[in-house]
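Here are the chains, one letter per residue:
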Amino acid sequence: MGGAATGETSVLNTGSEETTVLGNSVNAGTLRRSKTGEQISINTSDFTIGKEMSRVNYCITDNTSVSRIHARFVNHNGFTYITDLGSTNGTFVNGRKLTPNSETQLNDGDKVTIADEKFTYSAN
């Protein structure tokens, strides 16, 4: 069989220390996860966080309070917005609970809480 079949994954930059991002690559800021100190780059125009690995860009596997597809980050005209996707335990910006399915603009230094996972947003 020649070529990749549907559903297969092709590995790019094998042996490289770099990550290759395909599609609509953007620089929409970063999130610093308080629990681990990890820096998460929001690098696509439609970036999702949740616990269902096959359906999100960043997977939180060690917290059962996070919904399968919890929140989405989008970039419009250089500004980053967050949307709670109807999660069970909510999404908060600076302590304010977001209305599900409604975009909220993020600003540098905002505190984002997804269920009980705390992040700090940096616009870069």
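What about the pattern of salt bridges?
Part 1: Tallied over the entire structure, the rule returns seven salt bridges.
Part 2: The salt bridge partner of R33 is D62, with a shortest N-O separation of 2.6 Å. Taken together, the positions of R33 in strand β1 (residues 30-33) and D62 in the loop between β4 (58-59) and β5 (71-76) put the pair 29 residues apart, joining distant regions of the chain.
Part 3: Looking at R33, the relative accessible area reads 4%, which means it is buried.
Part 4: Look at D62 and you get partly exposed, because its relative accessible area is 43%.
Part 5: Put simply, R33 and E117 hold a salt bridge, and the shortest N to O gap is 2.9 Å. Here R33, found in strand β1, pairs with E117, found in strand β11 (residues 117-122); they are 84 residues apart in sequence, far enough to count as distant.

Looking at the sheet that holds strand β10 (residues 111-114)
Part 1: An order of β2-β1-β11-β10-β7-β8 is seen for the six strands of this open sheet, with the pairing classed as antiparallel. In the strand order of this sheet, the two ends are held by β2 (39-41) and β8 (96-97), each with one partner.
Part 2: Inspection of the sheet shows strand β7 (residues 91-93) paired to β10 by three bridges, in the antiparallel sense. The residue of β10 that forms the bridge with T91 is I114.

Description of the environment of V66
Part 1: With respect to the helices and strands, V66 occurs in the loop between β4 and β5.
Part 2: Owing to a relative accessible area of 1%, V66 belongs among the buried residues under this scheme.
Part 3: With residues up to four places along the chain from it excluded, the contact list for V66 reads G50, K51, I60, I114, A115 and E117.

A look at the confidence of the model for the protein chain
Part 1: Model confidence for the protein chain is summarised by a mean pLDDT of 87, while 81% of its residues fall at 70 or above.
Part 2: Of the regions scoring below 50 in pLDDT, residues 1-7 engages in one contact with residues more than four places distant in sequence or in other chains.

Some details on the packing of aromatic side chains
Part 1: By the definition in use, this model includes one aromatic pair.
Part 2: Between F47 and F73, the ring centres sit 6.4 Å apart and the planes meet at 65°, which makes this aromatic pair edge-to-face. In this pair, F47 is assigned in strand β3 (residues 46-50) and F73 in strand β5, connecting sequence segments 26 residues apart. No difference in accessibility class separates F47 from F73, as the two residues are buried.

Conventions adopted
- Every chain begins its residue count from 1, and numbering advances along the sequence as written.
- Only residues with pLDDT of at least 70 get local features here, since the model is predicted, and only at 80 or more are side-chain atom pairs given and counted; chain-wide, interface and lining totals rely on the full set of residues.
- Hydrogens are left out, water is left out, and the side-chain values use all remaining heavy atoms of the structure.
- Whenever a carboxyl oxygen of Asp or Glu lies within 4 Å of a side-chain nitrogen of Lys or Arg, that contact is scored as a salt bridge.
- Every helix listed is a DSSP run of H or I at least four residues long, and every strand listed is a run of E at least two residues long, numbered separately from the N terminus.
- Remark: exposure states derive from per-residue accessible area (1.4 Å probe, protein chains only) relative to the maximum for the residue type, with buried under 20%, exposed over 50%, and partly exposed in between.
- Strands are labelled as partners when DSSP assigns at least two bridges between them.
- Should any heavy atoms of two residues lie within 4.5 Å, those residues are counted as being in contact.
- In predicted models, pLDDT denotes the confidence assigned by the predictor to each residue on a 0 to 100 scale.
- A pair of aromatic rings is counted whenever rings of Phe, Tyr or Trp (Trp by its six-membered ring) have centres within 6.5 Å, and the orientation is called stacked for planes under 30 degrees apart, edge-to-face for over 60 and tilted otherwise.

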